[in-house]
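# An overview of the molecular structure
Here are the chains, one letter per residue:
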Amino acid sequence: MITSGFEDEDKWLAEGIAGIQQNAFYMHRALDANNLREALKYSSQLLSELRTSRLSPHKYFELYMRAFDELRKLEMFFKEQDRHGCSVADLYELVQHAGNILPRLYLLCTVGSVYIKSKDAPAKDVLKDLVEMCRGVQHPIRGLFLRSYLAQVSRDKLPDIVSECEGDADTIMDAVEFVLQNFIEMNKLWVRMQLQGPVRVIEKRNKERNELRDLVGKNLHVLSQIEGIDLEMYKDTVLPRILEQVVNCKDELAQYYLMDCIIQVFPDEYHLQTLETLLGACPQLQPTVDIKTVLSLLMERLSNYAASSPELLPEFLQVEAFAKLSNAIGKVNVIVAPVIEAQVDMPVVGAITLYVSLLTFTLRVHPDRLDYVDQVLGACVKKLSGKAKLEDTKATKQVVALLSAPLEKYNDIVTALTLSNYPCVMDHLDDGTNKVMAMVIIQSIMTNNTCISTADKVEVLFELIKGLIKDLDGTPVDELDEEDFKEEQNSVARLIHMLYNDDPEEMLKIICTVRKHIMTGGPKRLPFTVPPLVFSALKLIRRLQGQDGEVDGEEVPATPKKIFQLLNQTVEALSYAQSPELALRLYLQCAEAANDSDLEPVAYECFTQAFLLYEEEIADSKAQVTAIHLIIGTLQRMNVFGVENRDTLTHKATGYSAKLLKKPDQCRAVYACSHLFWVDDQDGIKDGERVLLCLKRSLRIANAAQQMANVARGSSGPITLFVEILNKYLYFFEKGNPQITGAAIQGLIELIKNMQSDTTTPDRASDAFFASALRYIQFQKEKGGAMGELYNSINV
């Protein structure tokens, strides 16, 4: 039967473990009998199991750990031999007679660790001897585990080297030299693994190398833990030696991993002081190395280091950290540009990732230097120049992160608006992402309640969010998602309310700037964006009430007349955008503002435009009813009109009311017009006769409505319209209109009662409404006083 490779490995591993266990059994018997030669014989046979080449690194590690456990017991035995007078030096010579080199070197390392502890020989000589002799094993996996064992057993001996000579620099250098030499040899073995076997299994080899990388990296960790390595030694010796090995190995996997190790294991302070050396090695790495991740990690660590204490900022300034991490301020270019130029195949996303990390570093270390921030953005623009809109999703996300970083740091879009390169970066986003970024900007303004107070900043802001204001790529608005579109346009509308300045002149400039942009939005956007602009302008008008004079000069100051001219053109655009109902409402709002500013011609023009929209654009009957009631309600509140203008407008309103399609709508609109002829708070508008005419006309229309209902349904319609008219009679009766008499009210009450009695299908709602009106009359009679006397003539 043919077994799979995994089954074979399991079998070989089981055989190896069995061999270790069998020889360990005899070794333990020899140790118990204090038989040194027998113990060495079986320990050598035990270690011979590590000579296998049939196991993957993962399986070999299991086998190694079994042997390692037995070697620890053997080491304890060797220590006991030393205490009982057996010379460690003799033992050191004895183990070198083992037949095979791999067991011999494992035993030699084990005895060597005891030899160093005994202090019978200089530790540096023993370690130098061991690290040199381990070169005898050149098989990558066996050699890596052997040297890993050497690093493990010598690790706790290195501090002894320092303590023996009380921190003598030469002795520290011996310890450093030993670890560095072991590291260099291990890295060579590790790199050599890529050359083993056929090309077709390169992925398998890389996977195996990844499983072994920590064996190499542990040397750098040991190196970072050696007491006595100060900044000077690290700068002059340790880092250059490590980087030399990293650059010279010319292996993508090794270079990436070792650069990552250097950044991870050594102190942040050392990285800051040796930044130029560390960064100088980056362009020398293989073009395929993922250097962006390494550099991002470095900048992140330095950022966190700077954020840990404000006292560290002078150090960053002293070493010119930003100058060394940037290619945009005209000094020595040692990072971004050389790295990107050296790695010609680096994708755009990699370059942008570097700029994101550099910007994050800048914002954390130099938040007050907006020029630095702008330089980073400018470098990104330069990288993206000449390229089409970004289509890579990952690159787009990185650009969004780049643009979001200043907003998150400063919590103030005004600060971002001062960055000249900020809009240039946004221009490289695709239209969809441009909208997303615009929404992020608006959300930042809303969250932080930021007020944009100058026209120049508004201009920059609206350039940033132009993706929401107009179609950038010619895509019809109809093809956009309706809910998303509404959310976007409502956000723009809320944004307009955040634009304010106490100075009327500047505020008018802001309004003009906003208008210039939103007018390019097309017919579907205008109904969302025009209303907030109109109300913003109306607020300004009310602040300027009374300032309607003209001033000679190049610049006409902000006056209500000038703003109304602008508003008229703005609202007029809505009629072309197929939003006549909204335009009519806004014209009525402008009319009220003109009334407050005592500008009769402007108010009249607004009503004229409203009536034109009603005549020419509003065809739906329901919309007409709503519009005519709005017109009547607004006109009632106007006090700026002279007799002629008011008569013209009220005549128009009553005429349109009587021409509504449905009789009930006509009735209600006509009796609403009665209020146009009787206004309490205004002298001269108390025309009782015309009030009565309106009410009588509404009664005729109500009667016609009943007759039509009788013809259509075979029964009289509800009395609701008559009760509503009765309430209007009562209102004007109380207001003292001499044309509205108790007899007229009495007659209307009797009419309604007769209609109730004639109805075969009573309407509960109408009857309750009428009963409520009668109770009101009874209440007024019982209350007494002048009002009671007025109502005494009415019998309910």
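Everything quoted here is computed from the prediction, not taken from an experiment. (Residues numbered from 1 in each chain as written. Predicted model: local features only at pLDDT ≥ 70, side-chain atom pairs only at ≥ 80, totals over all residues. Heavy atoms only, no water.)

### Description of the overall build of the protein chain
Helix and strand counts for the protein chain come out as 40 helices and zero strands. Here the C-alpha atoms of the protein chain give a radius of gyration of 46 Å, more than 25% beyond the 28 Å that 2.2 N^0.38 yields for 796 residues. Looking at the protein chain as a whole, 51% of its 796 residues qualify as buried. Expressed as a percentage of contacts within the protein chain between residues at least 6 apart in sequence, the contacts between residues at least 24 apart total 71%. For the protein chain, the accessible area works out to roughly 37000 Å², and carbon and sulfur atoms hold 49% of it. (Helix = DSSP H or I, 4+ residues; strand = E, 2+ residues; numbered from the N terminus. Rg over C-alpha atoms; globule rule 2.2 N^0.38 Å. Buried < 20%, exposed > 50% of the residue type's maximum accessible area, 1.4 Å probe, protein only. Contact = heavy atoms within 4.5 Å. Areas by Shrake-Rupley, 256 points an atom, 1.4 Å probe, with all protein chains shown as cover.)

### Description of unusual backbone geometry
Its identity is not glycine, yet Lys119 carries a phi of approximately 65 degrees, on the positive side. Mapped onto the fold, Lys119 is located in the loop between helix 5 (101-118) and helix 6 (123-133). Residue classification places Lys119 among the exposed residues on the basis of a relative accessible area of 60%. Here Asp598, not a glycine, exhibits a phi torsion of approximately 60 degrees, which is positive.

### Side note on the environment of Ala351
Along the polypeptide, Ala351 turns up in helix 19 (residues 348-365). Along the primary structure Ala351 and Leu384 are separated by 33 residues, whereas in three dimensions their C-alpha atoms are 9.5 Å apart.

### Quick notes on the nonpolar core
By size, the foremost hydrophobic cluster in this structure holds 270 residues, and its most contacted members are Ile262, Tyr422, Ile441, Leu461 and Phe462. With 12 residues, the top contributor of residues to this core is helix 9 (residues 169-192). Here Phe462 is in contact with Ile469, Leu495, Ile496, Leu499, Val514, His517 and Ile518, once residues within four sequence places are set aside. (Core = buried A, V, L, I, M, F, W, Y, C linked by side-chain atoms within 4.5 Å.)

### Looking at the pattern of salt bridges
Taken as a whole and assessed by the stated rule, the structure comprises 22 salt bridges. Between Arg369 and Asp371 there is a salt bridge, with the nearest N and O atoms lying 2.6 Å from each other. Of the residues examined, Asp371 reaches a relative accessible area of 33% and is grouped as partly exposed. Where Lys524 meets Glu482, a salt bridge forms, and the shortest distance between an N and an O atom there is 3.2 Å. Of this pair, Lys524 sits in the loop between helix 28 (504-518) and helix 29 (526-543) while Glu482 sits in helix 27 (residues 482-496), and the two are 42 residues apart along the sequence. (Salt bridge = Lys/Arg side-chain N within 4 Å of Asp/Glu carboxyl O.)

### Remarks on the packing of aromatic side chains
In the structure shown here, the tally under the stated rule is 24 aromatic pairs. Ring centres of Phe316 and Phe361 lie 6.1 Å apart, and the angle between their planes is 45 degrees; this geometry places the pair in the tilted category. One end of the pair, Phe316, is in helix 16 (residues 313-318); the other, Phe361, is in helix 19, and 45 residues separate them in sequence. Across the pair, exposure class does not vary: Phe316 and Phe361 are buried alike. Taking 6.3 Å as the distance between ring centres and 85 degrees as the angle between the ring planes, the aromatic pair formed by Tyr604 and Phe641 counts as edge-to-face. Taken as a pair, Tyr604 in helix 32 (residues 600-616) and Phe641 in the loop between helix 33 (621-636) and helix 34 (643-657) lie far apart in primary sequence, 37 residues in all. Linked through ring pairs, Tyr60, Phe61, Tyr64, Phe68, Tyr106, Phe145 and Tyr149 together constitute an aromatic cluster. The cationic tip of Arg209 hangs over the ring face of Trp190; the distance from NZ or CZ to the ring centre is 4.8 Å. (Phe/Tyr/Trp six-rings, centres within 6.5 Å; stacked < 30°, edge-to-face > 60°. Lys NZ or Arg CZ within 6 Å of the ring centre and 35° of its normal.)

### Some thoughts on helix 5
With 18 residues, helix 5 extends 25 Å between its outermost C-alpha atoms, agreeing within 8% with the 26 Å of an ideal straight helix rising 1.5 Å per residue. Across the 18 residues of helix 5, 15 count as buried, placing the element largely inside the fold. The positive-phi residue at the C-terminal boundary of helix 5 is Lys119, with phi of around 65 degrees. (Expected span 1.5 Å × (residues − 1).)

### What to know about helix 20 (residues 370-384)
Spanning 15 residues, helix 20 covers 21 Å between terminal C-alpha atoms, matching the ideal 21 Å at 1.5 Å per step. Those residues of helix 20 lying buried are Tyr372, Val373, Asp374, Val376, Leu377, Ala379, Cys380, Val381 and Leu384. Gly386, located one to two residues past helix 20, shows a positive phi value of around 85 degrees.

### Some thoughts on the packing of helix 31 (residues 580-596) against helix 33
The N-to-C vectors of helix 31 and helix 33 enclose an angle of 5 degrees; their axes lie 10 Å apart at closest approach. When the interaxial angle is binned, helix 31 and helix 33 end up roughly parallel. Counted together, Glu581, Leu584, Arg585, Leu588 and Glu592 of helix 31 and Ala623, Thr626, Ala627, Leu630, Ile631 and Thr634 of helix 33 form the full contact between these two elements. Within the contact of helix 31 with helix 33, the residues separate by chemical class into six nonpolar, two polar and three charged. (Axes fitted to C-alpha atoms, helices over the stretch in contact; angles between N-to-C directions. Parallel < 35°, antiparallel > 145°, perpendicular 65-115°, else oblique. Nonpolar A, V, L, I, M, F, W, Y, C, P; charged D, E, K, R; others polar.)

### Side note on the environment of Ser404
Mapped onto the elements, Ser404 comes out in helix 21 (residues 393-410). For Ser404, a relative accessible area of 9% gives the class buried.

### Comments concerning the confidence of the model for the protein chain
On average, residues of the protein chain score 86 in pLDDT, and 90% of them reach the 70 mark or higher. When mean pLDDT is compared element by element in the protein chain, helix 33 scores highest at 96, while helix 8 (residues 158-164) scores lowest at 52. Segment residues 327-337: pLDDT under 50, and 27 contacts once partners within four positions in sequence are set aside and those in other chains are kept. (pLDDT = per-residue confidence, 0-100.)

### Considerations on the state of the cysteines
A disulfide bridge is the covalent bond that connects two cysteines by way of their sulfur atoms. A complete count under the given rule lists zero disulfides for this structure. The thiol sulfur of Cys109 is not disulfide-bonded, and the nearest other cysteine sulfur, from Cys134, lies at 4.1 Å. Of the residues examined, Cys109 reaches a relative accessible area of 1% and is grouped as buried. (Disulfide = S-S within 2.5 Å.)

### A closer look at the side chain of Arg147
Residue position: Arg147 is located in helix 7 (residues 140-154). No salt bridge is formed by the buried Arg147; its nearest oppositely charged neighbour, Glu185, is found at 4.3 Å. Within the structure, Arg147 has its side chain in polar contact with the backbone oxygen of Val131 (distance 3.1 Å). (Lys, Arg positive; Asp, Glu negative; His and termini not counted. Polar contact = N/O pair within 3.5 Å; in protein donor to acceptor, adjacent residues only side chain to side chain.)

### Considering the packing of helix 29 against helix 31
The geometry of helix 29 relative to helix 31 is characterised by a closest axis approach of 10 Å and an angle of 5 degrees between their N-to-C directions. As judged from the angle between their axes, helix 29 and helix 31 are roughly parallel. Residue-level contacts link Pro527, Val530, Pro531, Val534, Phe535, Leu538 and Arg542 of helix 29 to Leu582, Leu586, Gln589, Cys590, Glu592, Ala593 and Asp596 of helix 31. Its residues placed into classes, the contact of helix 29 with helix 31 shows 10 nonpolar, one polar and three charged.

### Section: the environment of Val400
Structurally, Val400 can be placed in helix 21. Separated by 37 residues in sequence, Val400 and Met437 place their C-alpha atoms 6.6 Å apart.

### Focus on the side chain of Glu506
Locating Glu506 in the fold gives a position in helix 28. Buried charge without a salt bridge: Glu506, with Lys509 as the nearest opposite-charge side chain at an N-O distance of 4.2 Å. Here Glu506 is in contact with Ser453, Thr454, Ala455 and Asn501, once residues within four sequence places are set aside.

### Looking at a negative patch on the surface
On the surface, Asp481, Glu483, Asp484 and Glu487 cluster together into a negatively charged patch. Within the secondary structure, Asp484 is located in helix 27. (Patch = residues over 30% accessible without salt bridge, like charges linked within 9 Å, V, L, I, M, F, W, Y side chains within 5 Å. Charge placed at Lys NZ, Arg CZ, Asp CG, Glu CD.)

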